[in-house]
There are 2 protein chains.
Amino acid sequence: MRKKTRAVRIGDVTVGGGAPVVVQSMTNTDTRDPDTTLRQIAELRDAGCEVVRLAVPDAEAAEALKVICPAAKVPLVADIHYDYRLALAALDAGINGLRINPGNIGSKQKVREIVAAAKERGVPIRIGVNAGSLHKKVLEKYGLTPQALVESAKEHIYILEALNFNDIKVSLKASDVPLMIEAYRLISTQFDYPLHIGVTEAGTLRGGLVKSSVGLGILLAEGIGDTIRVSLTAHPRYEVWAAWEILKALKLRRRGVELISCPTCGRTAIDVISIAAEVEDKLQNITKPLKVAVMGCVVNGPGEAREADVGIAGGKGVGLVFRKGKPVRRVPEGQLVTALLEEIAKL
Amino acid sequence: MRKKTRAVRIGDVTVGGGAPVVVQSMTNTDTRDPDTTLRQIAELRDAGCEVVRLAVPDAEAAEALKVICPAAKVPLVADIHYDYRLALAALDAGINGLRINPGNIGSKQKVREIVAAAKERGVPIRIGVNAGSLHKKVLEKYGLTPQALVESAKEHIYILEALNFNDIKVSLKASDVPLMIEAYRLISTQFDYPLHIGVTEAGTLRGGLVKSSVGLGILLAEGIGDTIRVSLTAHPRYEVWAAWEILKALKLRRRGVELISCPTCGRTAIDVISIAAEVEDKLQNITKPLKVAVMGCVVNGPGEAREADVGIAGGKGVGLVFRKGKPVRRVPEGQLVTALLEEIAKL
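Within every chain, residues take consecutive numbers counted from 1 along the sequence as written. Chain letters start at A and ligand numbers start at 1, both assigned in the order the entries are written. In keeping with the predicted nature of the model, local features appear solely for residues at pLDDT of at least 70, side-chain atom pairs appear and are counted solely at 80 or more, and the whole-chain, interface and lining totals rest on all residues. Only hydrogens and water are set aside; all other atoms, that is, all heavy atoms of the structure, feed into the side-chain values.

**Q** I tried to follow the interface of chain B and chain A on my own but got confused; where do I start?
**A** Interfaces are often sized by the accessible area lost when the parts come together. Contacts are assigned to residue pairs that have any heavy atoms within 4.5 Å of one another. Taken together, the contacts link 65 residues of chain B with 64 residues of chain A. Accessible surface is computed with a 1.4 Å probe, and the buried area is the amount of it that two parts give up when combined, taken over both parts together. Between chain B and chain A, a total of about 5,300 Å² is buried, with carbon and sulfur atoms accounting for 59% of that surface. When a carboxyl oxygen of Asp or Glu is within 4 Å of a side-chain nitrogen of Lys or Arg, the pair counts as a salt bridge. In this structure, the connection of chain B to chain A is made through four salt bridges. In this structure, Lys 251 of chain A engages Asp 176 of chain B in a salt bridge whose closest nitrogen and oxygen atoms are separated by 3.2 Å. Polar contact criterion, stated in full: a pair of N or O atoms within 3.5 Å, where within protein one must be able to donate a hydrogen and the other to accept it, and residues adjacent in sequence count only if both atoms are side-chain atoms. Summed over the shared surface of chain B and chain A, the result is 10 residue pairs in polar contact (both at pLDDT 80 or more). Breaking the side of chain B that touches chain A down by element, the ones donating at least two residues are helix H7 (177-188), helix H8 (207-221), helix H9 (236-249), strand S11 (257-261), helix H10 (272-282) and helix H11 (301-304) of chain B. Taken together, the residues of the side of chain B that touches chain A sort by class into 31 nonpolar, 19 polar and 15 charged. Only DSSP runs of H or I reaching four residues or more are called helices, and only runs of E reaching two or more are called strands; each is numbered from the N terminus. Nonpolar residues are Ala, Val, Leu, Ile, Met, Phe, Trp, Tyr, Cys and Pro. Charged residues are Asp, Glu, Lys and Arg, and all others, Gly as well, are polar.

**Q** Just to check I follow, could you spell out the sheet that holds S11 of chain B for this structure?
**A** Working definition: the strands of a sheet are paired by backbone hydrogen bonds and lie parallel or antiparallel to each other. Residue and element names in this part refer to chain B. Two strands are counted as paired when DSSP detects at least two bridges linking them. Judged by pairing direction, the sheet is mixed, and its five strands sit side by side in the order S11-S12-S13-S14-S15 without closing on themselves. Two strands bound the open sheet, and with one partner strand each, they are S11 and strand S15 (326-332). Recorded for the sheet is a direction-independent mean angle of 20° between the axes of neighbouring strands. As paired strands, S11 and strand S12 (residues 290-295) are joined by five bridges and run parallel to one another. Residue pairing for S12: Ser 261 is matched across the bridge by Val 294. For helices, the fitted axis covers only the stretch in contact; all axes are lines through C-alpha atoms, and the angles between them, taken along N-to-C directions, range from 0 to 180 degrees. Helix-sheet contacts for H10 involve S11, S12 and strand S13 (310-313), and the interaxial angle to S12 is about 160°.

**Q** Would you explain the relation of the copies chain B and chain A in this entry?
**A** The copies were overlaid by least squares, fitting only the C-alpha atoms of residues that reach a pLDDT of 70 or more in each copy. For the pair chain B and chain A, the relating rotation is 180°, the translation along its axis is 0.0 Å, and the fit reaches an RMSD of 0.0 Å. Taken together, the rotation angle and the small translation identify this as a two-fold axis. Interface overlap between copies: 98% of the residues of chain B at the interface are likewise at the interface in chain A, consistent with a symmetric, same-surface contact.

**Q** Just checking my understanding: could you explain the side chain of Lys 173 of chain B for this structure?
**A** Residues and elements named next belong to chain B. For Lys 173, the position within the fold is in strand S8 (residues 168-173). There is no salt bridge for the buried Lys 173, and the closest opposite charge comes from Asp 79, which lies 7.5 Å off by N-O distance. With residues up to four places along the chain from it excluded, the contact list for Lys 173 reads Arg 53, Arg 126, Val 129, Asn 130, Ala 131, Leu 149, Tyr 184, His 196, Gly 198, Thr 200 and Arg 229. Note on exposure labels: buried denotes an accessible area under 20% of the residue type's maximum, exposed denotes more than 50%, and partly exposed covers the range between, all computed with a 1.4 Å probe on protein chains only. Asp and Glu count as negative and Lys and Arg as positive, but His and the ends of the chain are not part of the count.

**Q** Can you help me understand helix H8 (residues 207-221) of chain A in this one?
**A** Residues three or four positions apart in an α-helix share a direction because the helix packs 3.6 residues into each turn. All names here are of chain A. Multiplying 1.5 Å by the residue count of a helix minus one yields the expected span of that helix. With 15 residues, H8 extends 21 Å from end C-alpha to end C-alpha; this agrees with the ideal 21 Å at 1.5 Å per step. Counting buried positions along H8 gives 14 out of 15 residues, so the element sits mostly inside the fold. At the exit of H8 stands Gly 223, carrying a positive phi of roughly 85°.

**Q** Just to check I follow, could you spell out the sheet that holds strand S11 (residues 257-261) of chain A for this structure?
**A** Residues and elements named next belong to chain A. Sheet architecture is open: five strands sit in the order S11-S12-S13-S14-S15, paired in mixed fashion. This sheet does not close on itself; its edge strands, each paired only once, are S11 and strand S15 (326-332). Each strand of the sheet is rotated relative to its neighbour by a mean of 20°, with strand direction disregarded. Two strands pair when backbone bridges link them, and strand S14 (residues 318-323) and S15 are joined in this way by six bridges, in the antiparallel orientation. Bridge pairing links Leu 320 to Arg 330 in S15. Relative to the sheet, helix H10 (residues 272-282) contacts S11, strand S12 (290-295) and strand S13 (310-313), its axis offset from that of S12 by approximately 160°.

**Q** Looking at this structure, I do not really get the packing of aromatic side chains. What am I missing?
**A** Stacked, tilted and edge-to-face are the three classes assigned to paired rings of Phe, Tyr and Trp, where Trp is represented by its six-membered ring and a pair needs centres within 6.5 Å; plane angles under 30 degrees give stacked, over 60 edge-to-face, the rest tilted. Counted according to the given criterion, the structure contains four aromatic pairs over all chains. Relative to Phe 191 of chain B, the ring of Tyr 158 of chain B has its centre 6.4 Å away and its plane inclined at 50°; by these criteria the two rings are tilted. On the criterion of sequence distance, the pair formed by Tyr 158 of chain B in helix H6 (residues 146-162) and Phe 191 of chain B in the loop between H7 and strand S9 (196-197) is long-range, its members being 33 residues apart. Among the residues examined, Tyr 158 of chain B registers a relative accessible area of 45% and is labelled partly exposed. Members of the aromatic cluster, each reached through a chain of ring pairs, are Tyr 158, Phe 191 and Tyr 193 of chain A. Only when the NZ of Lys or the CZ of Arg is both within 6 Å of the ring centre and within 35 degrees of the ring normal is a charge said to sit over the ring. It is Arg 255 of chain A that lies over the ring of Trp 244 of chain A; its NZ or CZ is 5.5 Å from the centre.

**Q** Just to check I follow, could you spell out the packing of helix H1 (residues 34-47) of chain B against helix H2 (residues 59-71) of chain B for this structure?
**A** The geometry of a pair of packed helices is captured by two quantities: the angle between their axes and the separation between those axes. Residues and elements named next belong to chain B. It is the contact of H1 with H2, at a shortest axis distance of 10 Å, that shows an interaxial angle of 30°. By the angle class used here, H1 and H2 are roughly parallel. Crossing handedness for the pair H1 and H2: right-handed. Note on element contacts: H2 touches H1 through Ala 64, Val 67, Ile 68 and Ala 71, opposite Pro 34, Thr 37, Leu 38 and Ile 41. Per-class residue counts for the contact of H1 with H2 are seven nonpolar, one polar and no charged. Roughly parallel here means an angle under 35 degrees, roughly antiparallel means over 145, roughly perpendicular means 65 to 115, and every remaining angle is called oblique. Left-handed describes a crossing whose near helix is turned anticlockwise from the far helix by less than a right angle; the clockwise case is right-handed.

**Q** Would you mind showing me how to read the nonpolar core here?
**A** In globular proteins that are soluble, nonpolar side chains generally tend to be buried together. In terms of nonpolar packing, the biggest core is built from 174 residues, with Leu 65, Leu 76, Leu 98 and Leu 172 of chain A together with Leu 76, Leu 98 and Leu 172 of chain B touching the most fellow members. If near-sequence neighbours (up to four positions away) are discounted, Leu 76 of chain B is found in contact with Ile 41, Val 52, Leu 54, Ile 68, Cys 69, Ile 95, Asn 96 and Gly 97 of chain B. In this description, a nonpolar core means a group of buried Ala, Val, Leu, Ile, Met, Phe, Trp, Tyr and Cys residues linked to one another through side-chain atoms lying within 4.5 Å.

**Q** Hey, could you run me through the side chain of Lys 248 of chain B in this one?
**A** All names here are of chain B. Along the polypeptide, Lys 248 turns up in helix H9. A polar contact of 3.0 Å, which involves the side chain of Lys 248, links it to the backbone oxygen of Val 257. Excluding residues within four positions of it along the chain, Lys 248 makes contact with Arg 253, Arg 254, Arg 255, Gly 256 and Val 257.

**Q** Could you clarify how one ought to interpret the domain arrangement of chain A in this entry?
**A** Domain boundaries assigned for chain A yield domain 1 (8-249) and domain 2 (257-346). Where each domain begins and ends is defined by an automated method or by a domain database. Taking only C-alpha atoms, the centre of domain 1 of chain A and the centre of domain 2 of chain A are 39 Å apart.

**Q** Just to check I follow, could you spell out the pairing of strand S7 (residues 125-130) of chain A for this structure?
**A** On a regular strand, each side chain points to the face opposite its neighbour's, so the side chains alternate between the two faces of the sheet. Residue and element names in this part refer to chain A. Judged by how many residues are buried, S7 sits mostly within the fold: six of six residues are covered. Judged by which residues are buried, S7 turns out to be covered on both faces: Ile 125, Ile 127 and Val 129 on one side and Arg 126, Gly 128 and Asn 130 on the other are all buried. In this structure, strand S6 (residues 97-99) lies alongside S7, joined through two bridges in parallel fashion. When the sheet's bridge partners are listed, Arg 99 is paired in S7 with Arg 126. The path from the first strand over the helix to the second decides the hand: if it runs clockwise while the strands point away from the viewer, the crossover is right-handed. Crossover connection from S6 via helix H4 (residues 108-121) to parallel S7: handedness right-handed. Note that S7 and strand S8 (residues 168-173) share six bridges and pair parallel. The partner of Asn 130 across the bridge, within S8, is Lys 173.

**Q** How should I be thinking about helix H3 (residues 84-93) of chain A in this particular structure?
**A** All names here are of chain A. Inspection of H3 places Tyr 84, Leu 86, Ala 87, Ala 90, Leu 91 and Ala 93 among the buried residues, and these make up the whole buried set. If you follow the buried residues of H3, they end up packed against helix H2 (59-71), strand S5 (76-79), S6 and H4. Where H3 ends, the next residue or the one after it, Gly 94, has phi of about 100°, a positive value.

**Q** Would you mind going over unusual backbone geometry with me for this structure?
**A** The bulk of non-glycine residues show a negative phi, and the bulk of peptide bonds are trans. Unlike most non-glycine residues, Tyr 82 of chain A shows phi in positive territory, near 70°. Counting through the fold element by element, Tyr 82 of chain A comes out in the loop between S5 and H3. For Tyr 82 of chain A, a relative accessible area of 54% translates into the label exposed. One non-glycine residue with positive phi stands out, namely Lys 251 of chain B, at about 60°. For Lys 251 of chain B, a relative accessible area of 43% gives the class partly exposed.

Below, the structure written as structure tokens:
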């Protein structure tokens, strides 16, 4: 059961209010270089990214948004720290969302200007609290705790609410998974703003993948989280891929191939490891939902993978292609992958 | 809060009863080849595997256990299907645990013989139910549901309980993550036998890693699960590595390096992706718990990663080595990794 939140619109994408969980990522190109940045935005969109965030560290980057925003075919969010002029410039350029913490901007007048401009354009603001950059005051009072993250978010939320601005998303990221989980659980009992969830500074494609899957998986299974970003120290297309894998594992969204492959054991008759990797690789551009199995033995394989739309199982020299657990073709072992791809092409 | 379960002993390792969650994996060598199998067992143990399971598909494999069991320096479990003589032979050879489903063995007399031999040697039996191989009868009554998995386990449990055998572990695996989660939740309300949890046929090192992290993470966070196996279509040392990463993410166990590394963004001053991968690689053999950070910029890096025991942050040409957020050395960018390793050697 998903937790009920308000709906917020980022361009043509709805976040919260019962909408499907939205996949987002962030470019790691230099935003001041519109061509390179637009190429990466297109690449991320092709990988299934539904909202793309960009760092806007200076006026030149904000200026580049004038080229980037009209050309991008996916809603964009500007990530801005401290400088309210960058937020105004991003709004002028046609940005679809802002990530800025109103308590860090300076004067109330500056916040008022941003809020007025965002309201006029129907652009939501994400309040992004990070365990690594909490104010000293909050840390002294609460320590590095879920409360500290929530209290920090509240400060920013109240500033916007005082200006009658409720087009808000909130994130409370930490690299510490239990801390991040507890913080989101806590804030979800206190507000109904949609939540952007993520584990920050999670690590590499391997270690970070586990941390993000554990942290986001737990929250999503409890119905918490309206949009997710997997942060990896890797090319952002892997973040998009990982986000989809998490959502698919929990059956919250469907997209592309779900690969079922047996762990190899003493009974395995083919090189499942390299065949599964090859199949995963060759099917990575399919976006239609499809369950594909790669099983080590013809005896148990087809039965154990009967939920798969299509699959292969290895034998001694001769393998099997099957659909929904029923054999459809016997082929020499060396042609198993080709035969599988042919079978998929038919579907 | 961990769910209370009975304690079961596999050799000198306790599973359940409040013991730390045990990491296990399975060899993918030919058990009939004791030398190769013993080498892989040693490799898995070095990677942090606390219980190793082996397939025992025939009499020759059972015979090889006579060589393997006395030589292995980690408790071993024999995975046996149908043939009770293999179970008896494994017990004779000194195996520390059995995985066999008593309802599939045949006559009651055969079950009685296994139970008597296991009892005599203090060897526990794991009942391993798998969504892919449920009996037709159960599937017809319950469909492919959590109830079907639990009912199937119950049949086997009752057979052992009727013989006054309670040295039981139970697993209810499925490749479908929500199905597997619900099945474990359900059985944990009905029995207090320790649970061996896992997502089966999870997939490759990437896709399977996400599924296992999500499925096991959710259950462990609820206090369910006394021993875990991550099933990957990959070398089993990756299963051990992944199991530890999951336990570390939830702070259930500590071992080796926890790497914190920022996602690269427009503000990044060094090649964080390759540096983080290099650091992860070079530190993989450390078993002492250590938090290491690789951050993209000297301005925010040390502060955001102040929880790290030691870290590096990139600057333009010159980087920083820091401990607990405090700078200790400035070094040219090309020497950052070396300087980090030196700093770690000092700890």
